[in-house]
Amino acid sequence: MRERQRGISLIVVAVLMAGVAALAMAAIFSMRYERNLFAEGLARLTGKPAAGQGAAAVPSAPAVPGNQLRRCTVNGKTVFSDTECSPANATTQNVVVHETKGVEAPKAPKPDRSGAAPQDLRAKMMENATR
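Residues numbered from 1 in each chain as written. Predicted model: local features only at pLDDT ≥ 70, side-chain atom pairs only at ≥ 80, totals over all residues. Heavy atoms only, no water.

Undergrad: Teacher, can you tell me more about the overall build of the protein chain here?
TA: Summing up its helical and strand segments, the protein chain has 3 helices and 3 strands in all. When the helices and strands of the protein chain are placed in sequence order, the string is α-α-β-β-β-α. In the protein chain, buried positions account for 11% of the 131 residues. Within the protein chain, contacts between residues at least 6 apart in sequence are counted, and of these 29% link residues at least 24 apart. When the accessible surface of the protein chain is totalled, it reaches about 11900 Å², and 61% of it is carbon and sulfur. (Helix = DSSP H or I, 4+ residues; strand = E, 2+ residues; numbered from the N terminus. Buried < 20%, exposed > 50% of the residue type's maximum accessible area, 1.4 Å probe, protein only. Contact = heavy atoms within 4.5 Å. Areas by Shrake-Rupley, 256 points an atom, 1.4 Å probe, with all protein chains shown as cover.)

Written as structure tokens, this is what we have:
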């Protein structure tokens, strides 16, 4: 007669691994789109608004001039704007823009000075050996 194997069944292990994979995918999705799906899910379960989404949220950014570039989250998407990101939005942050020169072409190497003065073959070979 066969004895029955004890422990967790293969089906239970498969279901647990699928759950772990789903949690990992949700975490990666949260990182990619700069959202916290776990906090949003908890807020839906409890019926409370997620942090920063309530109507009574206090603006975290101070008042800024109209031409200041700001970063905020609108409808779950990150937006860089000076008009859509109002100071009343709790996710608004000021963005510091750094002026750059862009991509510069590589500079040509300077000519080798040792090739400018005529030397005899023996001196050139000694110089190449010491390099």
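Undergrad: Explain the pattern of salt bridges to me, please; I cannot follow it from the model alone.
TA: Where charged atoms of side chains with opposite charge meet at close range, the side chains can pair. Following the criterion strictly, the structure yields 3 salt bridges and no others. In this structure, the salt-bridge partner of Glu-40 is Arg-35, at a minimum N-O distance of 2.7 Å. Classification of Arg-35 as partly exposed rests on a relative accessible area of 29%. In this structure, Arg-131 engages Glu-127 in a salt bridge whose closest nitrogen and oxygen atoms are separated by 3.1 Å. (Salt bridge = Lys/Arg side-chain N within 4 Å of Asp/Glu carboxyl O.)

Undergrad: Hey, could you run me through a nonpolar patch on the surface in this one?
TA: A cluster of nonpolar side chains, contributed by Ile-8, Leu-10, Val-12, Val-13, Leu-16, Met-17 and Val-20, occupies part of the molecular surface with about 690 Å² of accessible area. Here Met-17 is to be found in helix α1 (residues 10-32). Looking at Met-17, the relative accessible area reads 51%, which means it is exposed. (Patch = residues over 30% accessible without salt bridge, like charges linked within 9 Å, V, L, I, M, F, W, Y side chains within 5 Å.)

Undergrad: Is there a simple way to explain the pairing of strand β2 (residues 77-81) in this structure?
TA: If a strand is regular, its side chains alternate between the two faces of the sheet. The sheet contact formed by strand β1 (residues 70-74) and β2 spans 5 bridges and is antiparallel. Considered in β2, the bridge of Cys-72 is made with Val-79. Hairpin remark: β1 followed by β2, antiparallel, with 2 residues in the connecting loop; positive phi at Asn-75, about 55 degrees. (Pairing = 2+ DSSP bridges.)

Undergrad: Please clarify how the sheet that holds β2 should be interpreted in this entry.
TA: Adjacent strands of a sheet pair through backbone hydrogen bonds, lying either parallel or antiparallel. In spatial order, the strands read β2-β1-β3; together these 3 strands make up an open sheet with antiparallel pairing. In this open sheet, the two edge strands, each paired with only one partner strand, are β2 and β3 (93-94).

Undergrad: Mind showing me how you'd approach helix α2 (residues 37-46) here?
TA: In an α-helix, one turn spans 3.6 residues, which is why side chains three or four residues apart end up on the same side. The backbone nitrogen of Phe-38 lies 3.3 Å from a side-chain oxygen of the residue at the head of α2, namely Asn-36. Within two residues after α2, Gly-47 carries a phi angle of roughly 85 degrees, on the positive side. (Polar contact = N/O pair within 3.5 Å; in protein donor to acceptor, adjacent residues only side chain to side chain.)

Undergrad: Quick question: what am I supposed to make of the packing of aromatic side chains here?
TA: The geometry of an aromatic ring pair is captured by two quantities: the separation of the ring centres and the angle between the planes. All chains considered together, the criterion is met by 1 aromatic pair. Between Phe-29 and Tyr-33, the ring centres sit 4.7 Å apart and the planes meet at 50 degrees, which makes this aromatic pair tilted. Classification of Phe-29 by relative accessible area gives partly exposed; the value is 36%. Taking relative accessible area as the criterion, Tyr-33 reaches 42% and is therefore assigned partly exposed. (Phe/Tyr/Trp six-rings, centres within 6.5 Å; stacked < 30°, edge-to-face > 60°.)

Note that all results are geometric; they support no functional claim without further evidence.
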